[in-house]
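Letter by letter, the chains look like this.
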Amino acid sequence: MLVSLFGVVFDGFAYGMLLFVLSVGLSVTLGMMNFVNLAHCSFAMLGGYVAVSLMNSLGWPFFATLPVAFVAAAAVSVALERTLYRRLYRASDLDQCLLTIGIVFVSIAAAAYVFGTIQQPVQLPGYLRGSVELLGIRFAVYRLFLVGAGLAIALVLVTSVELTRFGARVRAAVDNQRMARGLGINVEATFAITFALGSGLAGLGGALAIEIVGLDPGFAFAYLIYVLIVVSVGGLGSIRGSLVAAILLGISDSAGKYYVPQLGAFLIYLVMVGLLMWRPAGLFGKR
């Protein structure tokens, strides 16, 4: 019983790390820039397809595809930010939602046309397959890798975004663009870099997610709801909040499917409702 409990908690923790990597970019753009980017998971899907294509068609090693997935998603997001998103920074939430949900539909159609509607296979290197035994409990190697990668990304983000001048410049640009420009801040470049960072992280998350959840054109919609739940529960603009929320929701989801299969995936919504009733602004949210 104890062994199975540890196994469920570990699987949920690893799944939570995956949710964190997928969602933290949206926490940055939505929370810090006040832009409702419902196309966030389209960038994650793009990163996944870039990684799959490089591995299956060109024979690239798995780890070499990860930075390319990040850069590809970031580059596409910068192009969209300069041509479409920038026009709607001061628009209503409804206008932003309509634009970005339209981009989701376009991305799904494009992925289905180019890659088909089937699940994409992925070949991990041998050292990431199988499992290892620690203290009598077997842990999947790839899930251990996900835990380490998620914690490393969280540490880098907290250090580089929340505790540096860059994060302060973004918040200043959001609160008062005229004043920020008067202080010498390049508002347009700051917003473009922030979008690139958030979308690049989504692309990286999409590449890491293939082995766990698979990849098909429906990915952009299927995981959008999970990403929004993590951001809402963690609190807008809080990287630490997204990390804690992703872990709680990941463990809740795994435990619900294992111990209460009648509820299945519905338990994650019950946890979300309970947490938001307790903290309407999210665990670490201020607004």
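Cut-offs applied
Residues numbered from 1 in each chain as written. Predicted model: local features only at pLDDT ≥ 70, side-chain atom pairs only at ≥ 80, totals over all residues. Heavy atoms only, no water. Pairing = 2+ DSSP bridges. Helix = DSSP H or I, 4+ residues; strand = E, 2+ residues; numbered from the N terminus. Phe/Tyr/Trp six-rings, centres within 6.5 Å; stacked < 30°, edge-to-face > 60°. Buried < 20%, exposed > 50% of the residue type's maximum accessible area, 1.4 Å probe, protein only. Patch = residues over 30% accessible without salt bridge, like charges linked within 9 Å, V, L, I, M, F, W, Y side chains within 5 Å. Areas by Shrake-Rupley, 256 points an atom, 1.4 Å probe, with all protein chains shown as cover. Salt bridge = Lys/Arg side-chain N within 4 Å of Asp/Glu carboxyl O. 1 Å grid on protein atoms, 1.4 Å probe; cavity = no way out; pocket = protein on both sides within 12 Å on 5 of 7 lines; lining within 4 Å. Points joined across faces, edges and corners; volume = space filled by probe spheres on them. Expected span 1.5 Å × (residues − 1). Arc of directions from axis to C-beta. Contact = heavy atoms within 4.5 Å. Axes fitted to C-alpha atoms, helices over the stretch in contact; angles between N-to-C directions. Parallel < 35°, antiparallel > 145°, perpendicular 65-115°, else oblique. Left-handed = near helix turned anticlockwise from the far one by under 90°. Nonpolar A, V, L, I, M, F, W, Y, C, P; charged D, E, K, R; others polar. Polar contact = N/O pair within 3.5 Å; in protein donor to acceptor, adjacent residues only side chain to side chain.

Caption draft 1: The pairing of strand β1 (residues 131-134), seen in detail. As defined by bridge partners, β1 adjoins strand β2 (residues 137-140) across 4 bridges and the pair is classed as antiparallel. Its bridge partner being in β2, E133 is matched across the sheet by R138. Adjacent in sequence and paired antiparallel, β1 and β2 are bridged by 2 residues, among which L135 carries a positive phi angle near 55 degrees.

Caption draft 2: Examining the packing of aromatic side chains more closely. Counting across every chain of the model gives 16 aromatic pairs. Measuring from ring centre to ring centre gives 6.2 Å for F62 and Y142, while their planes differ by 65 degrees; the resulting arrangement is edge-to-face. In this pair, F62 sits in helix α3 (residues 62-83) while Y142 sits in helix α5 (residues 141-162), placing the two residues 80 residues apart along the sequence. Using a relative accessible area of 4% as the deciding quantity, one classes F62 as buried.

Caption draft 3: Here's a closer look at a nonpolar patch on the surface. On the surface, L5, V9, Y258, Y259, V260, L263, F266 and L270 cluster together to form a nonpolar patch covering roughly 670 Å² of accessible area. If you list the elements that add at least two residues to the nonpolar patch, you get α1 (2-33) and α11 (239-259). By the secondary structure assignment, F266 is in the loop between α11 and α12 (267-278). Overall, F266 belongs to the partly exposed group, its relative accessible area being 45%.

Caption draft 4: Spatial organisation of the layout of surface pockets. In this structure, the second largest pocket encloses a volume near 250 Å³. Looking at the second largest pocket, it is lined by 14 residues, and the ones nearest its centre are S42, M45, L46, S107 and A110. For the lining of the second largest pocket, the secondary structure elements donating two or more residues are α2 (40-58), α3 and α4 (93-115). In terms of residues, the lining of the second largest pocket owes the most to one element, α4, which gives 6 residues.

Caption draft 5: Quick look at α12. Given a rise of 1.5 Å per residue, 12 residues ought to cover 16 Å, and the 17 Å separating the end C-alpha atoms of α12 matches this to within 8%. Along α12, the residues that are buried comprise L267, I268, M272 and L275. With its buried residues spanning 140 degrees around the axis, α12 presents them on a single face. Tucked inside the fold, the buried residues of α12 contact α10 (224-234) and α11.

Caption draft 6: Just the pattern of salt bridges, in detail. Under the criterion given, the structure shown has 3 salt bridges. Taking the shortest distance from any N to any O, the salt bridge between K257 and D253 comes out at 3.1 Å. With K257 and D253 both in helix α11, this residue pair falls 4 residues apart, about one helical turn. The class of K257 is partly exposed, set by a relative accessible area of 44%.

Caption draft 7: Structural view of the environment of L94. Counting through the fold element by element, L94 comes out in helix α4. Separated by 58 residues in sequence, L94 and V36 have C-alpha atoms that sit 8.8 Å apart.

Caption draft 8: Inspection of the packing of α3 against helix α8 (residues 187-213) at higher detail. In the contact formed by α3 and α8, the axes pass within 7 Å of each other and the chain directions differ by 140 degrees. It follows that α3 is oblique to α8 by the angle criterion. The element α3 and its partner α8 pack so that their crossing is right-handed. Along the contact surface, α3 presents F62, L66, A69, F70, A73, A74, S77, V78 and E81, while α8 presents F191, A192, F195, A196, L197, S199, G200, L201, G203, L204, A207 and L208. Of the residues that constitute the contact of α3 with α8, the class distribution is 16 nonpolar, 4 polar and 1 charged.

Caption draft 9: Spatial organisation of the environment of G218. Within the secondary structure layout, G218 lies in the loop between α8 and α9 (219-222). Overall, the relative accessible area of 33% leaves G218 in the partly exposed class.

Caption draft 10: Region of interest: the side chain of H40. With respect to the element layout, H40 can be found in helix α2. Since its relative accessible area comes to 1%, H40 is described here as buried. Separated by 2.7 Å, the side chain of H40 and the backbone oxygen of L22 make a polar contact. Discounting residues that sit within four places of it in the chain, H40 has contacts with L22, S23, G25, L26, G198, A202 and V227.

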